[in-house]
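Below, each chain spelled out in residue letters.
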Amino acid sequence: MSLVQTKFKTTQFELSDPALFRGFSYIGGRWTAGAAAQMFAVSNPADGSHLGDVASLSAKDSIGAVDAAQNAFAAWSSLLPQQRSVILRRWFELMLEHKEDLARIMTLEQGKPISEARGEIDYGASFVEFFAEEAKRPNIESVTSHLPDAEVEIWREPVGVAALITPWNFPSAMLTRKAAAALAAGCTVVAHPSAETPFSALALAELAERAGFPAGVFNVVTGSAPVVVEPWMTDKRVRAVSFTGSTEIGKLLYRQSADTVKRLVLELGGHAPFIVFADADLDKAVAEAIKAKFATSGQDCLGANRFFIERPAYDAFCSRFADATAKLTVGIGMDNRDIGPLMNDKAVAKQREHVADALAKGARLLTGGDQHKAGPLFFQPTVLADVPAGALIMHEETFGPVAAIAPFDTEEEVLQKANDTEYGLVAYLHTQDPRRIYRASRALQFGMVAINRTKVTGAPIPFGGMKQSGLEREGSRLGMEAFTEVKYVCRDWA
Ligand code: NAP
């Protein structure tokens, strides 16, 4: 069996560096198919074609990855922060040098338009650059002693081995956002990428090896999630778990980590409200609504699901938003259309279910509504108006290109509706009134509030949600906290 997949080279999307297209797991500085050498197939969601095979590791192999990470921990955590920073910085530079190949791999396995994939590589690399710098500032607080003849110190130390579990919708950035923070803190890492999109993570492992991470510091274990991840949850050597994915699996990992009292970072589902008051700049609100709904073909935890429009602006917003939606192009990501395929059949079925349910409950279909002719995993960009509060789409994450709009009459009413959800990741607000901006930003129970714009993310900001959208924050200085322990030392001078 070859360590590097060859099939990719025969496609029209040749890579400049085919060695980035790896199919084996990366453990202890070695590429491995595991003891049983079992493989699973990964396909391109745009056309169902076979992209390559990936190693399906066993629970025993997965524990072997923790062994490797544990063995590497003492040396990695003892390096000077500046030494860790140099390796992280090199990893960042390699990501940018290989941006085009990394973006192509992502588009082929995930389906997103190639321009969005390039954007994700920049975004993902920015976390590596940011934490390469933060590695040098380990945030040691200092306090004056409260005891006579004693000196007190407060240190931050890396927790140990960190397990990272990442989803398919941002297969590169979700891994670097976690790994760069953990590695900068001095932790070693075992990572499980989604079986739908493992090639992006394996390409990052290839670049990590070239960047000079010592063997065992960064491990990527592919295979069935329950098989690979469960042993990490019960292993007391794994001291921190950082997960991005659904609230359902997040809760499972929360329960599984209780017995060994692990540090937990959970970045879970979202159900973003998009609120437009009648005094908003409507052209801008429509343009931002298109971005908030249809980026990543709607498969984004930050994706707007529920559009609440103040009644005087309602008809104008509905017709302009529906017109702009109908103009979006749909097709394969390599052709850089606006909307690519959904990840799997389950996602398509969910769009159908949410549309049918809303229509049955009295909603109006303004555009789209069904599967797209581009292929079985493509869905038409869809807008539903007059969607009643009882429709499924007003309560569940749709995770696809379907928008639901409803009117509102008062500020109090819309804030109550926006907060009427178990999720609390991001809320979008459009208004020109500064006092309302302040009141609403305070009242919205969301970890992030975007005012008169959609893009708010970046390495220096604390990304994360309230309520059942998660625990802790990623990015910013806060992103390293879960990977460190606080130690208090008190010395007697007498
Ligand atoms: P998912 O089904 O929860 O999967 C996420 C990860 O968990 C994948 O690696 C998956 O592996 C793994 N997994 C599945 N079952 C598992 C189990 N029993 N034990 C351990 N790991 C398991 O979520 P998804 O459908 O991939 O992603 C969509 C969800 O992620 C949405 O709810 C979205 O809002 C959320 N999300 C949140 C953020 C954020 O930052 N808040 C960002 C992106 C996405 P397999 O894929 O191999 O099964």
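Residues numbered from 1 in each chain as written. Predicted model: local features only at pLDDT ≥ 70, side-chain atom pairs only at ≥ 80, totals over all residues. Heavy atoms only, no water.

K.L.:
Please clarify how the packing of aromatic side chains should be interpreted in this entry.
P.N.:
Here the distance between the centres and the angle between the planes together describe a pair of aromatic rings. By the definition in use, this model includes 15 aromatic pairs. One aromatic cluster in this structure is built from Phe-274, Phe-294, Phe-307, Phe-317, Phe-321 and Tyr-428. A cation sits over an aromatic face here: Lys-112 above Phe-170, 4.0 Å from the ring centre. Looking at Arg-436, its charged tip hangs above the ring of Phe-277, at a distance of 3.9 Å from the centre. (Phe/Tyr/Trp six-rings, centres within 6.5 Å; stacked < 30°, edge-to-face > 60°. Lys NZ or Arg CZ within 6 Å of the ring centre and 35° of its normal.)

K.L.:
Before we go on, may I ask you to explain the sheet that holds strand 11 (residues 272–276) in this structure?
P.N.:
Two strands in a sheet stick together by hydrogen bonds in their backbones, pointing the same way (parallel) or opposite ways (antiparallel). Within the open sheet, the seven strands sit side by side as 13-14-15-12-11-16-17. Their pairing is mixed. The sheet terminates laterally at strand 13 (364–367) and strand 17 (448–451), the two strands that pair on one side only. Along the sheet, successive strands turn relative to each other by an average axial angle of 25°, direction set aside. By the bridge criterion, four bridges tie strand 16 (residues 426–430) to strand 17 in an arrangement that is parallel. Directly across from Ala-427, in strand 17, lies its bridge partner Val-449. Of the strands in this sheet, strand 11, strand 12 (304–310), strand 14 (382–385), strand 15 (402–408) and strand 16 touch helix 9 (residues 282–294), which is tilted by about 170° from strand 11. (Pairing = 2+ DSSP bridges. Helix = DSSP H or I, 4+ residues; strand = E, 2+ residues; numbered from the N terminus. Axes fitted to C-alpha atoms, helices over the stretch in contact; angles between N-to-C directions. Contact = heavy atoms within 4.5 Å.)

K.L.:
Would you mind going over unusual backbone geometry with me for this structure?
P.N.:
Peptide bonds are trans in most cases, and residues, glycine excluded, mostly fall at negative phi. Of note, Ala-37 is a non-glycine position whose phi angle comes to about 50°, a positive value. For Ala-37, the position within the fold is in the loop between strand 2 (30–32) and strand 3 (39–43). Here the phi dihedral of Asp-149 falls at roughly 60°; this positive angle occurs in a residue that is not glycine. For Asp-149, the position within the fold is in the loop between helix 4 (114–134) and strand 5 (150–158).

K.L.:
For this particular structure, what's the right way to read helix 9?
P.N.:
In an α-helix, one full turn covers 3.6 residues, which means residues spaced three or four apart are oriented alike. Helix length check: helix 9, at 13 residues, gives a terminal C-alpha distance of 18 Å against a target of 18 Å (1.5 Å per residue), a fit within 8%. Leu-282, Ala-285, Val-286, Glu-288, Ala-289, Ile-290, Ala-292, Lys-293 and Phe-294 are the residues of helix 9 that are buried. Considering only its buried residues, helix 9 is in contact with strand 11, strand 12, helix 10 (311–326), strand 14, strand 15 and strand 16. Near the N-terminus of helix 9, the side chain that reaches the backbone nitrogen of Asp-283, with its oxygen 3.2 Å away, is that of Asp-281. (Expected span 1.5 Å × (residues − 1). Buried < 20%, exposed > 50% of the residue type's maximum accessible area, 1.4 Å probe, protein only. Polar contact = N/O pair within 3.5 Å; in protein donor to acceptor, adjacent residues only side chain to side chain.)

K.L.:
Sorry, what's going on with the pairing of strand 11 here?
P.N.:
Along a regular strand, successive side chains alternate from one face of the sheet to the other. In terms of residue burial, strand 11 counts as a mostly covered element, since five of its five residues are buried. Of the two faces of strand 11, both are covered, the one formed by Ala-272, Phe-274 and Val-276 as well as the one formed by Pro-273 and Ile-275. Between strand 11 and its parallel partner strand 12, the chain crosses via helix 9, and the hand of that crossover is right-handed. Of the strand pairs in this sheet, strand 11 and strand 16 are connected by three bridges, and their pairing is parallel. Residue pairing for strand 16: Phe-274 is matched across the bridge by Tyr-428. (Right-handed = clockwise from strand over helix to strand, strands pointing away.)

K.L.:
Any chance you could explain the site of the ligand here in plain terms?
P.N.:
Of all residues adjacent to the ligand, which total 29 residues, the nearest are Thr-166, Ser-194, Ala-195, Ser-246 and Glu-397. For the ligand, an oxygen atom lies 2.8 Å from a polar atom in the side chain of Trp-168. Between an oxygen atom of the ligand and a main-chain N or O atom of Gly-245, the distance comes to 3.3 Å. The fraction of the free accessible surface of the ligand (900 Å²) that becomes covered by protein chains is 85%. (Near = heavy atom within 4 Å. Areas by Shrake-Rupley, 256 points an atom, 1.4 Å probe, with all protein chains shown as cover.)

K.L.:
Where do I start with the domain arrangement of the protein chain in this structure?
P.N.:
Interface size is commonly expressed as the accessible area that is lost once the parts come together. Assigned domains of the protein chain: these are domain 1 (11–268 + 469–488) and domain 2 (272–458). A C-alpha centroid distance of 31 Å is found between domain 1 and domain 2. Listed by partner, the interface residues are 26 residues for domain 1 and 26 residues for domain 2. Considering only the surface of domain 1 that becomes buried against domain 2, Ala-46, Trp-168 and Ser-469 emerge as the three largest contributors, covering 23% of it. Between domain 1 and domain 2 we count zero salt bridges in total. Joining domain 1 to domain 2, the criterion identifies seven residue pairs in polar contact (both at pLDDT 80 or more). Where the side of domain 1 that touches domain 2 is concerned, the elements lending two or more residues are helix 3 (99–110) and helix 4. Residues that form the side of domain 1 that touches domain 2 fall into these classes: 11 nonpolar, eight polar and seven charged. (Domains from an automatic or database assignment. Buried area = accessible area lost by both parts, 1.4 Å probe. Salt bridge = Lys/Arg side-chain N within 4 Å of Asp/Glu carboxyl O. Nonpolar A, V, L, I, M, F, W, Y, C, P; charged D, E, K, R; others polar.)

K.L.:
Please explain the nonpolar core as it appears in this structure.
P.N.:
Side chains of nonpolar character tend, in soluble globular proteins, to be buried together. The biggest cluster of nonpolar side chains holds 129 residues, and the ones touching the most others in it are Trp-91, Leu-183, Phe-213, Phe-218, Phe-307, Phe-317 and Phe-321. Two domains each donate at least three residues to this core, and these are domain 1 (11–268 + 469–488) and domain 2 (272–458). (Core = buried A, V, L, I, M, F, W, Y, C linked by side-chain atoms within 4.5 Å.)

K.L.:
Hey, could you run me through the side chain of Asn-44 in this one?
P.N.:
Locating Asn-44 in the fold gives a position in the loop between strand 3 and strand 4 (50–55). On the accessibility criterion, Asn-44 (7% relative accessible area) is buried. Ignoring anything within four residues of it in the chain, the contact list for Asn-44 reads Ser-49, Leu-51 and Leu-108.

K.L.:
What exactly am I supposed to notice about the pattern of salt bridges here?
P.N.:
Any two side chains of opposite charge can pair, so long as their charged atoms come close to each other. In the structure shown here, the tally under the stated rule is 33 salt bridges. Across the salt bridge formed by Arg-210 and Glu-206, the nearest N and O atoms sit 2.8 Å from each other. You can see Arg-210 and its partner Glu-206 sitting in helix 6 (residues 198–211), four residues apart, about one turn around the helix. With a relative accessible area of 33%, Arg-210 lands in the partly exposed category. Residue classification places Glu-206 among the buried positions, given a relative accessible area of 5%. Of the charged contacts in the structure, one is a salt bridge between Glu-411 and Arg-439, with a shortest N-O distance of 2.8 Å. One end of the pair, Glu-411, is in helix 12 (residues 411–419); the other, Arg-439, is in helix 13 (residues 434–443), and 28 residues separate them in sequence. Owing to a relative accessible area of 17%, Glu-411 belongs among the buried residues under this scheme. The class of Arg-439 is partly exposed, set by a relative accessible area of 41%. Linked through salt bridges whose partners overlap, the residues forming this network are Arg-89, Arg-90, Glu-93, Glu-97 and Glu-129.

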